[in-house]
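Descriptive analysis of the structure
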Amino acid sequence: IVSFESLSATFLRFNLTIAELLDMIMLDQCYAYQPKEGSSFSLNSILIDKNSFIEALDNRFLSDLSNNFSTLRLCKHYYLNELQLNQLLVFANQKLNQGNVSAPVLRSELVRTFEQKYLVLNRYCRLRGLKCREISEKLTAHGHSPAFAAYNTSLCLAYPKSETLT
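Description of the structure in this document. (Residues numbered from 1 in each chain as written. Predicted model: local features only at pLDDT ≥ 70, side-chain atom pairs only at ≥ 80, totals over all residues. Heavy atoms only, no water.)

**Here we look at the overall build of the chain**
Put simply, the rule is: To qualify as a helix, a DSSP run of H or I must reach at least 4 residues; to qualify as a strand, a run of E must reach at least 2; elements of each kind are numbered from the N terminus. To sort residues, take the accessible area from a 1.4 Å probe on protein chains only and compare it with the maximum for the residue type: under 20% means buried, over 50% means exposed, and anything in between is partly exposed. Contacts are residue-level and defined by heavy atoms, with any inter-residue pair within 4.5 Å sufficient. Exposure was quantified through the Shrake-Rupley algorithm and a 1.4 Å probe, taking into account, for residues, occlusion by the shown protein chains and nothing else.
Within the chain one finds eight helices and six strands. When the helices and strands of the chain are placed in sequence order, the string is β-α-α-β-β-α-α-α-α-β-α-α-β-β. By residue count, 39% of the 166 residues in the chain fall in the buried class. Considering only contacts within the chain whose residues lie at least 6 apart along the sequence, 54% involve residues at least 24 apart. Approximately 9900 Å² of the chain is accessible, and the part contributed by carbon and sulfur atoms is 50%.

**Here's the deal with the pattern of salt bridges**
Under the convention used in this document: When a carboxyl oxygen of Asp or Glu lies within 4 Å of a side-chain nitrogen of Lys or Arg, that pair is called a salt bridge.
For the structure on display, the rule yields three salt bridges. Arg 60 serves as the salt-bridge partner of Glu 20, at 3.1 Å between the closest nitrogen and oxygen. With Glu 20 in helix H2 (residues 18-26) and Arg 60 in helix H3 (residues 50-63), this pair connects stretches of sequence that are 40 residues apart. On the basis of relative accessibility, which here comes to 25%, the residue Arg 60 falls in the partly exposed class. One salt bridge connects Asp 64 with Arg 73, and the closest N-O pair in it is separated by 3.9 Å. Residue class for Arg 73 comes out buried when judged on its relative accessible area of 17%.

**Looking at the nonpolar core**
As a reminder, the rule being used: The term nonpolar core refers to a set of buried residues drawn from Ala, Val, Leu, Ile, Met, Phe, Trp, Tyr and Cys, joined through side-chain atoms within 4.5 Å.
Within the largest apolar cluster, 21 residues are counted, with the highest numbers of intra-cluster contacts made by Tyr 78, Leu 88, Phe 114 and Phe 148. Counting residues per element, the ones that place at least two in this core are helix H4 (71-78), helix H5 (82-95), helix H6 (108-117), strand E4 (118-120), strand E5 (148-151) and strand E6 (155-160). Not counting the four nearest positions on each side in its chain, Leu 88 is found in contact with Leu 80, Phe 114, Val 120, Phe 148 and Ala 158. Of all hydrophobic cores here, the second largest spans 18 residues; its members include Phe 11, Ile 25, Ile 46 and Phe 53.

**Things to note about empty space enclosed by the protein**
Short version of the rule: Cavities and pockets are found on a 1 Å grid laid over the protein atoms alone: a cavity is a set of points where a 1.4 Å probe fits but cannot escape, a pocket is an open set with protein on both sides within 12 Å along at least five of seven lines, and a lining residue has an atom within 4 Å of such a point. Grid points are joined across faces, edges and corners, and a volume is the space filled by probe spheres set on the points. Note that Gly is not counted as nonpolar here; it falls among the polar residues with everything else outside the nonpolar set of Ala, Val, Leu, Ile, Met, Phe, Trp, Tyr, Cys and Pro and the charged set of Asp, Glu, Lys and Arg.
Evaluated as defined, the whole model comprises one cavity of 30 Å³ or more. Of the pockets and cavities examined, the largest cavity occupies roughly 60 Å³. Taken together, Tyr 78, Leu 85, Leu 88, Leu 89, Ala 92, Leu 110, Val 111 and Phe 114 make up the lining of the largest cavity. Listing elements by their share of the lining of the largest cavity, those giving two or more residues are H5 and H6. Its residues placed into classes, the lining of the largest cavity shows eight nonpolar, no polar and no charged.

**A closer look at H2**
What counts is decided by this rule: Starting at the helix axis, one direction is taken to each C-beta atom, and the arc is that of these directions.
Every buried residue of H2 is listed here: Leu 21, Met 24 and Ile 25. Each buried residue of H2 sits inside an arc of 100° when the element is viewed along its axis, so together they form one side. Close packing links the buried residues of H2 with helix H1 (8-13), strand E2 (32-33), strand E3 (47-48) and H3. Immediately downstream of H2, the backbone of Asp 28 shows phi near 60°, a positive value.

**Observations regarding the side chain of His 77**
Note on placement: His 77 falls in helix H4. In this structure, His 77 is in contact with Phe 14, Asp 58, Phe 61, Glu 115 and Arg 123, ignoring residues within four places of it in sequence.

**Re the packing of H3 against H4**
What counts here: Interaxial angle, 0 to 180 degrees, is taken between N-to-C directions of lines fitted to C-alpha atoms, where a helix line uses only the stretch in contact. Working rule for angles: under 35 degrees goes down as roughly parallel, over 145 as roughly antiparallel, 65 to 115 as roughly perpendicular, anything else as oblique. In this scheme the crossing of two helices becomes right-handed for a clockwise turn of the near helix relative to the far one and left-handed for an anticlockwise turn of less than a right angle.
Closest axis-to-axis distance for the H3/H4 pair is 12 Å, and the angle between their directions is 165°. Of the possible angle classes, the one that applies to H3 and H4 is roughly antiparallel. Two packed elements cross with a definite hand, and for H3 against H4 that hand is left-handed. Judged by residue contacts, Asp 58, Arg 60 and Phe 61 of H3 engage Arg 73, Leu 74 and His 77 from H4. Class assignment of the residues belonging to the contact of H3 with H4 gives a composition of two nonpolar, one polar and three charged.

Purely spatial values, then, with no claim about function.
Below, the structure is given as structure tokens:
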């Protein structure tokens, strides 16, 4: 559980408005808790369940993918730079039977299928305030290997989803 204020950077990154957050809460897509009785109410006093918020962000991304699909949006979503995203898309094209294409193809169905089968560690860690290298080392210690790794200016890892890794 986190404060509304602590999510401000995430709101900016994903162009999320307060009205959209309130919609997510009203539709039970994101759980929020009000301050205890007797205390004054303000937006910053709202506490939000971070896991349900991240899940709502993911659902919002996937549902709007066909209408709002761009390289910039994918870079923001996965917390990658453009070079890393291009490498990730080439990997996705090859792995998801889209042909042996050397140039990435921006297709919403490819991204949807990729989201179902792979976990991009960069996104997972950044949304949760974790360090990617530390989590990667722990995953390796528990027998999980990345299906995709790029070490350009920063680390980019994607792991196949499984029963123990979602």
